[in-house]
Amino acid sequence: MDYKNAGVDIEAGYKSVELMKEHIKKTMRPEVLTNIGGFSGAFSMSKFKDMENPTLVSGTDGVGTKLKLAFLLDKHDTVGIDCVAMCVNDIACAGGEPLFFLDYIACGKNYPEKIARIVSGVAEGCVQSDAALIGGETAEMPGFYPEDEYDLAGFAVGVVDEKDLITGKDLKAGDVLLGIASSGVHSNGFSLVRKVFSMDRETLNTYHEELGKTLGEALLAPTKIYVKALRSVREAGVRIKGCSHITGGGFYENVPRMLPEGVRAVIKKDSYEVPAIFRMLSREGNIAEEMMYNTYNMGIGMVVAVDAADVEAAQAAIAQAGETSYIIGRIETGEKGVTLC
């Protein structure tokens, strides 16, 4: 008896690492001091020592049950983008610049080519957010996960000068809410998605005119990464007064997280067109509108609050970064919370 007979193939692990390296190489930053394959990743902070008060911000998350669709469609090169996005968007939401990322893949059986495809998506997410992929772990766990399944999670660290933290504490009545468009469902609410649609290849591979693509393509569209859009706003000289990443819990749970006591966010539902995938999901699942806004991003992945005088400059900066934004509402005096009308 040996480890391989017990279900863990160490040689496959070595091969996975070798296949990953070409993707990881694309994410490197000058501050990275170690090579992939070591016991840890080292990242120099010397570049940030001139900040008044350099402050680390971190985020961790996983992809969740969206992975079930990747298994069914045997498509593994985009879920890594989701994993990175869920972490770095939270860091950007605080005003931070992501520095580095680490991933964790746990699988029933290590298929090196599949693992490399997963990591290629992680690397692409890192490229999109200018974060270095400095380490990770692939754990082969036979008997714990089915052979063809895996879980994917990650952890990111960023930096911000304390004075530039986005806290929402100075939000006031009259400030304007901008919504930055999402790419679709992103990576939340898939337990409900999987109850609404039959999870089989025929259903997922069916083309829908209203979507302009197959259902599977619409649902697997990777989460938007907003790091560069928010950076572009800051570089345009616009102060972001509040920021909310619309993830699990939708508008009702996430928007209030950026608000101080005494003000309320009022959002106009007709200020932008809700993407077809959400209309289809609501219709096919007979899901009430309030529940949709309490579960999904409904086409808005990030809400940004700015002074009314800065709206034009902020929208121009978001467009320059390649993203679409809408004026979706305002801050009003009132009990802390959000009103959708």
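Residues numbered from 1 in each chain as written. Predicted model: local features only at pLDDT ≥ 70, side-chain atom pairs only at ≥ 80, totals over all residues. Heavy atoms only, no water.

Describe the overall build of the chain, with residues and values.
A tally of helices and strands in the chain yields twelve helices and twelve strands. Scaling as 2.2 N^0.38, a compact globule of 341 residues should have a C-alpha radius of gyration of about 20 Å, and the chain matches this with 21 Å. For the chain, the C-alpha atoms occupy an extent of roughly 70 × 55 × 30 Å along the three principal directions. With the model as given, the accessible surface of the chain reaches about 15400 Å², and the carbon-plus-sulfur share is 49%. Taking the 35 positively charged and 48 negatively charged side chains of the chain as two groups, their mean positions are separated by 2 Å. (Helix = DSSP H or I, 4+ residues; strand = E, 2+ residues; numbered from the N terminus. Rg over C-alpha atoms; globule rule 2.2 N^0.38 Å. Areas by Shrake-Rupley, 256 points an atom, 1.4 Å probe, with all protein chains shown as cover. Lys, Arg positive; Asp, Glu negative; His and termini not counted. Charge placed at Lys NZ, Arg CZ, Asp CG, Glu CD.)

Go over the sheet that holds strand β5 (residues 176–181), please, and point to the residues and values.
An order of β8-β10-β5-β11-β9-β12 is seen for the six strands of this open sheet, with the pairing classed as mixed. Whereas interior strands pair on both sides, the edge strands pair on one side only; in this sheet they are β8 (242–245) and β12 (337–340). With strand direction ignored, the average angle separating the axes of adjacent strands in the sheet is 25°. Here four bridges tie β8 to strand β10 (residues 300–306), and the two strands are oriented antiparallel to one another. Bridge pairing in β10 links His 245 to Met 302. Against the sheet, helix α3 (residues 79–93) touches β8 and β10, its axis set at about 170° to β8. (Pairing = 2+ DSSP bridges. Axes fitted to C-alpha atoms, helices over the stretch in contact; angles between N-to-C directions. Contact = heavy atoms within 4.5 Å.)

Quick one: what's the story with the packing of aromatic side chains, residue by residue and with numbers?
Evaluation of the coordinates by the stated rule reveals six aromatic pairs. Consider the rings of Tyr 272 and Tyr 326, whose centres lie 5.6 Å apart with planes at 35°: the pair is tilted. A residue pair is termed long-range when its members are at least 10 positions apart, and Tyr 272 in the loop between β9 (263–267) and α10 (276–285) and Tyr 326 in strand β11 (residues 325–333) qualify at 54 residues. The exposure class of Tyr 326 is partly exposed, given its relative accessible area of 27%. Geometrically, the ring pair formed by Phe 278 and Tyr 296 is tilted, given 6.2 Å between the ring centres and 50° between the ring planes. Taken together, the positions of Phe 278 in helix α10 and Tyr 296 in the loop between α11 (289–293) and β10 put the pair 18 residues apart, joining distant regions of the chain. Both residues of the pair, Phe 278 and Tyr 296, belong to the buried class. Residue placement shows Lys 109 over the ring face of Tyr 111; its charged tip is 5.8 Å from the ring centre. (Phe/Tyr/Trp six-rings, centres within 6.5 Å; stacked < 30°, edge-to-face > 60°. Buried < 20%, exposed > 50% of the residue type's maximum accessible area, 1.4 Å probe, protein only. Lys NZ or Arg CZ within 6 Å of the ring centre and 35° of its normal.)

Any details on helix α8 (residues 227–235)? Residues and values, ideally.
Along α8, the residues classified as buried are Val 227, Ala 229, Leu 230, Arg 231, Ser 232 and Val 233. Just downstream of α8 lies Gly 237, where phi reads positive at about 85°.

Give me unusual backbone geometry: which residues, what numbers.
Even without a glycine there, the phi angle at Asp 74 is positive, about 50°. By secondary structure assignment, the location of Asp 74 is in the loop between α2 (67–73) and α3. Note on Asp 74: relative accessible area 44%, which makes it partly exposed. Here His 186, not a glycine, exhibits a phi torsion of approximately 65°, which is positive. Looking at the element boundaries, His 186 is found in the loop between β5 and α5 (190–196). Looking at His 186, the relative accessible area reads 2%, which means it is buried.

For the layout of surface pockets, give the residues involved together with the corresponding values.
Once rolled over the atoms, a probe with the size of a water molecule shows which space is left empty. The space that makes up the second largest pocket amounts to roughly 300 Å³. Forming the boundary of the second largest pocket are 17 residues, of which Asp 90, Cys 93, Cys 243, His 245 and Arg 257 lie nearest the centre. Counting residues per element, the ones that place at least two in the lining of the second largest pocket are α3 and β8. (1 Å grid on protein atoms, 1.4 Å probe; cavity = no way out; pocket = protein on both sides within 12 Å on 5 of 7 lines; lining within 4 Å. Points joined across faces, edges and corners; volume = space filled by probe spheres on them.)

Give a detailed account of the environment of Gln 320, specifying residues and quantitative values.
Following the sequence through the fold, Gln 320 ends up in helix α12 (residues 311–320). Overall, Gln 320 belongs to the exposed group, its relative accessible area being 69%. C-alpha separation for the pair Gln 320 and Asn 53, spaced 267 residues apart in sequence, amounts to 30 Å.

Break down the sheet that holds strand β3 (residues 132–140) for me, citing the residues and quoting the values.
Pairing within the open sheet is mixed, and its four strands lie in the order β1-β4-β2-β3. Here the strands that pair on one side only, and so sit at the sheet edges, are β1 (54–62) and β3. Between one strand and the next, the sheet's axes are offset by a mean angle of 15°, whatever the strand orientation. One ladder, built from eight bridges, connects strand β2 (residues 97–107) with β3; its direction is parallel. Considered in β3, the bridge of Asp 103 is made with Gly 136. Here α3 sits on the sheet in contact with β1, β2 and β4 (150–161), set at roughly 30° to β4.

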